[in-house]
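Each chain, letter by letter, is given below.
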Amino acid sequence: MEKEALKVVNRGEEDEMDMLGYRLCHWKLAIVCVGVVLTGGFLLLLLYWMPEWCVKATCTRTPIREAEVVLLRSTDEFKRWFRAKVRVMLAPGKNPFDCPDSRIVANGHTPHPAENQTEDCERKHSEYQPVQIRYFTLHSTKYYWNDMIQNFEVLKGLEDLGVKCSSVHDDHSKGLTEDEQDYRRLFFGENEIAVKVPSVFKLLIKEVLNPFYIFQLFSIILWSADEYYYYALAIVIMSVISIFTSLYTIKKQYVMLHDMVATHSIVRVSVCRANDVIEEAISTELVPGDVMVIPANGTIMPCDAVLVSGTCIVNESMLTGESVPVTKTNLPNPSRSVKGTEEDELYSSELHKRHTLFCGTNVIQTRFYSGELVKAVVVTTGFSTSKGRLVRSILYPKPTDFKLYRDAYLFMLCLVAVAGIGFIYTVVNSIMNKVPVPTIIIESLDIITITVPPALPAAMTAGIVYAQRRLKRIGIFCISPQRINICGQLNLVCFDKTGTLTEDGLDLWGIQRVENSSFLLSETHACKEDLVKSQFVACMATCHSLTKIEGKLSGDPLDLKMFEATGWILEEATEEETALHNRIMPTVVKPPKQLLPEAEASADQDMELCKILPSYEMGIVRQFPFSSALQRMSVVTRLLGEKCMDAYLKGAPEVVASLCKQETVPHNFSEVLEGYTKQGFRVIAVAHRKLESKLSWHKVQNVSRDTIESNMQFLGLIIMQNKLKAETPGVLADLRRASIRTVMVTGDNMLTAISVARDCGMIPPQDRIIIADALPPKDGQTAMINWHYADNPPKHVSATGSNTEEVQIRLEEESSGAALHSMEHYHFAMSGKSFAVIAEHFQDLLQKLVLHGTVFARMAPDQKTQLVEALQSVDYYVGMCGDGANDCGALKRAHSGISLSELEASVASPFTSRTPNISCVPSLIREGRAALITSFCVFKFMALYSIIQYVSVTLLYSILSNLGDFQFLFIDIAIILVIVFTMSLNPAWKELVSERPPSGLISGPLLFSVLMQILVCLGFQTLAFLWVKHQPWYHKWTPSSDACSLSNYSHHQNETNHDEHNIKNYENTTVFFISSFQYLIVAIVFSKGKPFRQPSYKNLPFLISSFALYAFILFIMLYRVDAIDQFLEIVCVPYQWRYTMLLIIVVNGVVSVLTENLILDIILRKFVFSRDKQGSCGITSATQTPQEGVDRWGERFLSFLCCQRRRAPKAKYMNLAQELLVDPDWPPKPKTTTEARKAPSPENVSYQIISAT
């Protein structure tokens, strides 16, 4: 049968997967069962670890529509495999949104009529023919088979229908019958985010089946068979402690997540039925299409729902990290003339989030009109809701992709290869010496357990655990510990502006009103008697989303500052008063009495609104909330006593000006705006429009936003001051000194962002800023980019006094493989709109722009995520620091996301800082570097430990001997474990340095270090092993022929224990002492301090344990203690040989230290392993001293002697930087245009870049 092509599920989404269909094959299953029996169950374990092997070994390919099992593979870089069993459900129909005609199926099975049912009901059920629906479940998501598309798909909710806004009101606002609700529940399931806490037994089985513990079990059985009972028992105890510690941690995390999700997840709700009856129900019964009534005193939303009537004040901190309540208004209902046209847009929870109540958010209070209820139509339920997606991302996270972990597996494979050599050697040597077969099997397998240390994974995580504890002490909390190591590699950090680099709050700096299409002089106060009745102040007092919660004004900080500057009073009517206002919005604003003039104003005063009335009050009739996509908000108000209504608009100046009559906008608008934004002020424009008298209250409630927000009269500018946080400049300076790029990603105005970037030091004063203004294709013209400079900074004066305007990029020397760092003399800035055009039409250019892009303004939340991905595509290790609001996507996507918000939304971020400023960023990077270096140190030490022990055992196998049980126990427990867990305690270095640690184990310096230490240890251990045989007193040891004084002869004569394993001999004792000291020597050599960690002498536990072990081993080597010698099974050797061994150890230590610190750190690291140094790329600095020239030529000479070739950098951004250095057309010249033009060949749809002045 011809194999079906791959199917794709979740196409274009983050969890996109390829899918193959399989059917169970009985003969394959039989073969696998036989294999499981023959391998003692190991094949079953292998198939458990490898789901794709399991499916392919037991099933055959089949079309997806007939599959019994589906095999899925993620299309991301991890290529993970999943398997799922296809099940069958019985239902009255295949479409959940069809009417079931009262033919209900309970739990997917045909119901049996009760005895008291009517004959009509029995007839319906007798005629009922259920439909079989195939589905499978993966990651808490159900995938249903769709015959139309011949593929499985996820049923998310009401948005699957592609409903228009008018349809939400007309077709979905009446509610469902109980039959319809039960029918839809078959497909969408219970409305709950079920985080099931696994039982301890289930977690135990899953943990024990980990390959690491299976290998330990194999080792323990082997050691027990070889009579190493004490050592095996010690490993068993350690493994049990490790397993139960891991179980406790995992169980605790599940319980915490379950408790967080379960809080208020099940509530009682009021549901509207199709017959206008309101019923009480449990929230788990809700399905998409249900209409729920939002209670006046608020509730926790159990689902995602769109408001169709009324207004809600909602705290969305769980979702966005913003603790400021937001106002949700009902979804606009288009007029009849608009319905069915393009203006009647499709409902989208993302586009219409200002009208959508999201699951888990807290509705504080509702606003309604007399006789009306606040209703919302359920859009999605369960894991399809916003909260459900967030929880699912925590339950099923993507694996951490880091070069260190990939290299660790490669290194383990190398150790396995070394073990294979030892295995073959042991078998051959044993056969030659006619050793019994059982002994050969045990000893040859034992060499594998020695070479691959079972404690390696636990040792590798020690540094991360200690770093996590230190971070917790400074107020940084981590939910993904593996990312701490990745923080050590960060070379670029993106910062949000407002609330991150600058203060949260804004202060009103002043206002600049417009009269007769001309700007007046700026004014510092709006709370003045002559302005109290001006349209400008009326706009400031009404155009906001403020509300009173428990008698206190609450809302957006900008709105709050703006309203407070007017001095006006906001009043909200009670429920009883609302009914009396005959459907008028119950929010009223009015000036204080002391600001109102006592008499009629003269004609020359600003009396634009109305004549003086005894009571001057304005009611807010309709509100169009602020939209980040539209960059504006507006309100419709009515002045008490007036017939006509007024519309007020505020928002981004460019947007507001475009919605105003051009004759009302001052001719110097752009110049005035640029003047303020260059100074770093946040500028908001306001506008007004008198509405037609025919617009009644009813019409205003249904009128479209675009109708109101047009033909406005420009009123002026509100200038807000956003101050930098005190810590910002210092932290950015530290990052710049550490060669870490900083980028600003903000939703604010371009020029304001540029000004803040200059003020905080992100862009040095002398550097140029090139603004990329991209325009999409229009009227047959291709997309284009206009280049212009933001300003003209003072020219940099060189030492000779000449002006240097050329752009230079210096490739700095960063040893250990750090990235290329540009001494950037130019920076790109662009808006979100330009970024979108460039990403779509100039994809090749995008990578060049992000290489020098520093300011990205007016960026939408999804564009922030796209920018992070663009930076990662050129091999940057990207950090993202934001306050949680609108940054969640970027925080999750970055290699290291740091949220400055402690609210629930921070669960999306790997790191959360209690300190609300960016000082946490250098601390996190320092701890990351320390943890990364600790991981390298521990890995190198564990590799040397296994090789040293491997050499010891191999040498002893040559004389049919081995290390004793208690010798293994002493080495592994007293030396290795103590050293591993104390050498990881070095704290991070106190400051960031420009050098970065290597990202992986497969790097020149690290491999050279390990190989050299292996050779040193191998050489000295082999020397001692051979040398002892050439001593004049040497002979084969027996208890009766001890090399020491014969005074112990009688003692040995009484010894009756027979040494079956030939443990006691001179070679064993020599190798034991030499190797014990070698473990300590390499521990000290590898325990590096500066520049990433504090020196080892500041690590007291490591210092004390090292000296204690040195002293103890030296003591038992130089002085004989019978009890210790018997315990460790070592024999007495002459004092002359003891001192010889001490000399060997001292020379070994000196050689090891010199090899690591002199040859590697000073000579080879500087001249051979420095990948990205200035000289290696052939780039000369503009200001090079004679000494630097000598050093550079010296480096080249040594590199030539070491046969080092000039290599291209591995990272893409380094290659790009080198290409741009020799590109004469880069950076683009000011006042030029770059056009995207399709190539002439019809088959080639790529774009050609053409520059024109």
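Just so you know, these numbers come straight off a predicted model, no measurement behind them. (Residues numbered from 1 in each chain as written. Predicted model: local features only at pLDDT ≥ 70, side-chain atom pairs only at ≥ 80, totals over all residues. Heavy atoms only, no water.)

Caption draft 1: Quick look at the overall build of the protein chain. Along the backbone of the protein chain there are 38 helices and 42 strands. Going through the 1253 residues of the protein chain one by one, you find that 54% of them count as buried. For the protein chain, restricting intrachain contacts to residue pairs at least 6 apart in sequence, the fraction spanning at least 24 positions comes to 75%. As displayed, the protein chain has an accessible area near 56800 Å², and 58% of this comes from carbon and sulfur atoms. (Helix = DSSP H or I, 4+ residues; strand = E, 2+ residues; numbered from the N terminus. Buried < 20%, exposed > 50% of the residue type's maximum accessible area, 1.4 Å probe, protein only. Contact = heavy atoms within 4.5 Å. Areas by Shrake-Rupley, 256 points an atom, 1.4 Å probe, with all protein chains shown as cover.)

Caption draft 2: Structural view of the sheet that holds strand E27 (residues 587-590). Taken together, 9 strands build an open sheet; the order of strands is E23-E22-E32-E31-E30-E29-E28-E27-E26 and the sheet is antiparallel. In the strand order of this sheet, the two ends are held by strand E23 (518-519) and strand E26 (569-572), each with one partner. In terms of strand pairing, strand E30 (residues 646-651) meets strand E31 (residues 682-690) through 6 bridges, oriented antiparallel. By the bridge assignment, Ala-647 is partnered in E31 with Arg-689. (Pairing = 2+ DSSP bridges.)

Caption draft 3: Representation of the packing of helix H1 (residues 26-38) against helix H3 (residues 51-58) within the structure. One can describe the packing of H1 onto H3 by two numbers: an axis separation of 7 Å at closest approach and a directional angle of 120°. As far as their axial angle goes, H3 and H1 are oblique. Contact residues: Lys-28, Leu-29 and Val-32 in H1; Lys-56, Ala-57 and Thr-58 in H3. The residue makeup of the contact of H1 with H3, split by class, is 3 nonpolar, 1 polar and 2 charged. (Axes fitted to C-alpha atoms, helices over the stretch in contact; angles between N-to-C directions. Parallel < 35°, antiparallel > 145°, perpendicular 65-115°, else oblique. Nonpolar A, V, L, I, M, F, W, Y, C, P; charged D, E, K, R; others polar.)

Caption draft 4: Structural context of the sheet that holds strand E6 (residues 87-91). Strand order in the open sheet formed by 4 strands is E6-E7-E8-E9, and the pairing between neighbours is antiparallel. Two strands in the sheet have a free side with no partner beyond their single neighbour: E6 and strand E9 (151-154). Put simply, the sheet's adjacent strands are angled 40° from each other on average, direction ignored. Where strand E7 (residues 131-138) and strand E8 (residues 141-146) come together, 4 bridges link them in antiparallel fashion. Within E8, the residue paired with Thr-137 across the bridge is Lys-142. In the packing of helix H6 (residues 178-188) onto the sheet, contacts are made with E6, E7 and E8, and the angle to E6 comes to roughly 175°.

Caption draft 5: The nonpolar core, seen in detail. Judged by nonpolar contacts, the single largest core of 85 residues is most densely connected at Phe-941, Ile-975, Ile-976 and Ile-979. The dominant element in this core, judged by the number of residues it contributes, is helix H29 (residues 920-957), at 19 residues. Not counting residues up to four positions away in its chain, the partners in contact with Ile-976 are Phe-941, Met-942, Tyr-945, Ile-971 and Tyr-1079. In terms of nonpolar packing, the next biggest core, distinct from the first, is built from 45 residues, Ile-740, Met-744, Ile-769 and Leu-992 among them. (Core = buried A, V, L, I, M, F, W, Y, C linked by side-chain atoms within 4.5 Å.)

Caption draft 6: Seen up close, the pairing of strand E33 (residues 741-745). Along E33, 5 of the 5 residues are buried, which leaves the element largely enclosed by surrounding structure. In terms of strand pairing, E33 meets strand E37 (residues 853-857) through 2 bridges, oriented parallel. Within the sheet, the bridge partner assigned to Val-745 lies in E37 and is Phe-856.

Caption draft 7: Looking closely at a negative patch on the surface. Together, Glu-178, Glu-190, Glu-192 and Glu-285 make up a negatively charged patch on the protein surface. On the secondary structure map, Glu-285 appears in the loop between strand E11 (278-282) and strand E12 (291-293). (Patch = residues over 30% accessible without salt bridge, like charges linked within 9 Å, V, L, I, M, F, W, Y side chains within 5 Å. Salt bridge = Lys/Arg side-chain N within 4 Å of Asp/Glu carboxyl O. Lys, Arg positive; Asp, Glu negative; His and termini not counted. Charge placed at Lys NZ, Arg CZ, Asp CG, Glu CD.)

Caption draft 8: Geometry of the pattern of salt bridges. The final tally for this structure, using the stated rule, is 27 salt bridges. In this structure, the salt-bridge partner of Asp-496 is Lys-864, at a minimum N-O distance of 3.6 Å. Here Lys-864 lies in helix H27 (residues 861-873) and Asp-496 lies in the loop between strand E21 (492-495) and strand E22 (507-515), a separation of 368 residues in the sequence. On the basis of relative accessibility, which here comes to 6%, the residue Lys-864 falls in the buried class. Via salt bridges that share partners, Arg-632, Arg-705, Asp-706 and Glu-709 belong to a single interconnected network.

Caption draft 9: How the structure looks around the environment of Phe-423. If you trace the backbone, Phe-423 turns up in helix H12 (residues 403-432). Separated by 20 residues in the primary sequence, Phe-423 and Glu-443 have C-alpha atoms spaced 8.5 Å apart. Excluding anything up to four places from it in sequence, Phe-423 contacts Ser-444, Leu-445, Ile-447 and Ile-448.

Caption draft 10: Up close: helix H20 (residues 669-678). Within the sequence span of H20, burial applies to Phe-669, Val-672, Leu-673, Tyr-676 and Thr-677. Across the axial projection of H20, the buried residues extend over an arc of 130°, all falling on one side. Trailing H20 by a residue or two, Gly-680 shows a phi angle of about 90°, which is positive. (Arc of directions from axis to C-beta.)

Caption draft 11: Representation of the packing of aromatic side chains. The final tally for this structure, using the stated rule, is 28 aromatic pairs. Through pairs of rings, three or more aromatic residues link up here, namely Tyr-135, Tyr-144, Tyr-183 and Phe-187. Lys-848 extends its terminal NZ or CZ atom over the ring of Trp-1226, reaching a point 5.7 Å from the ring centre. The lysine or arginine in question, Arg-1138, covers the ring of Tyr-1135, its NZ or CZ lying 4.8 Å from the ring centre. (Phe/Tyr/Trp six-rings, centres within 6.5 Å; stacked < 30°, edge-to-face > 60°. Lys NZ or Arg CZ within 6 Å of the ring centre and 35° of its normal.)

Caption draft 12: Quick peek at the side chain of Thr-865. In this structure, Thr-865 sits in helix H27. Of the residues examined, Thr-865 reaches a relative accessible area of 14% and is grouped as buried. Setting aside chain neighbours within four positions, we find Thr-865 in contact with Gly-889, Ala-890 and Arg-893.

Caption draft 13: Expanded view of the packing of helix H26 (residues 843-852) against helix H38 (residues 1212-1221). As a packed pair, H26 and H38 sit with axes 10 Å apart at the nearest point and diverge in direction by 95°. Taken together, the axis directions place H26 and H38 in an arrangement best described as roughly perpendicular. Contact residues: Gln-847, Lys-848, Leu-851 and His-852 in H26; Tyr-1213, Leu-1216, Ala-1217 and Leu-1220 in H38. The residue inventory of the contact of H26 with H38, partitioned by class, reads 5 nonpolar, 2 polar and 1 charged.

Caption draft 14: Representation of a nonpolar patch on the surface in the model. Taken together, the side chains of Leu-233, Val-236, Ile-237, Val-240, Ile-241 and Phe-244 define a hydrophobic patch exposed on the protein surface, amounting to about 520 Å² of accessible area. On the secondary structure map, Ile-241 appears in helix H9 (residues 229-262).

Caption draft 15: How the structure looks around the confidence of the model for the protein chain. Summarising the model, the protein chain shows a mean pLDDT of 78, and 80% of its residues fall at 70 or more. The low-confidence segment residues 579-584 (pLDDT under 50) makes 7 contacts with residues lying over four places distant or belonging to another chain. (pLDDT = per-residue confidence, 0-100.)

Caption draft 16: Main features of helix H23 (residues 728-737). Inspection of H23 places Thr-728, Val-731, Leu-732, Ala-733 and Leu-735 among the buried residues, and these make up the whole buried set. On its buried face, H23 is in contact with E21, E33 and H29.

Caption draft 17: Looking closely at unusual backbone geometry. Note that the residue after Lys-1090, namely Pro-1091, is joined by a cis bond; omega there is 15°. Following Trp-1226, the chain continues to Pro-1227 via a peptide bond in cis, the omega torsion being 0°. Among the structural elements, Pro-1227 can be located in the loop between H38 and strand E41 (1232-1238). Its identity as a non-glycine residue notwithstanding, Asp-875 has a phi of 75°, on the positive side.

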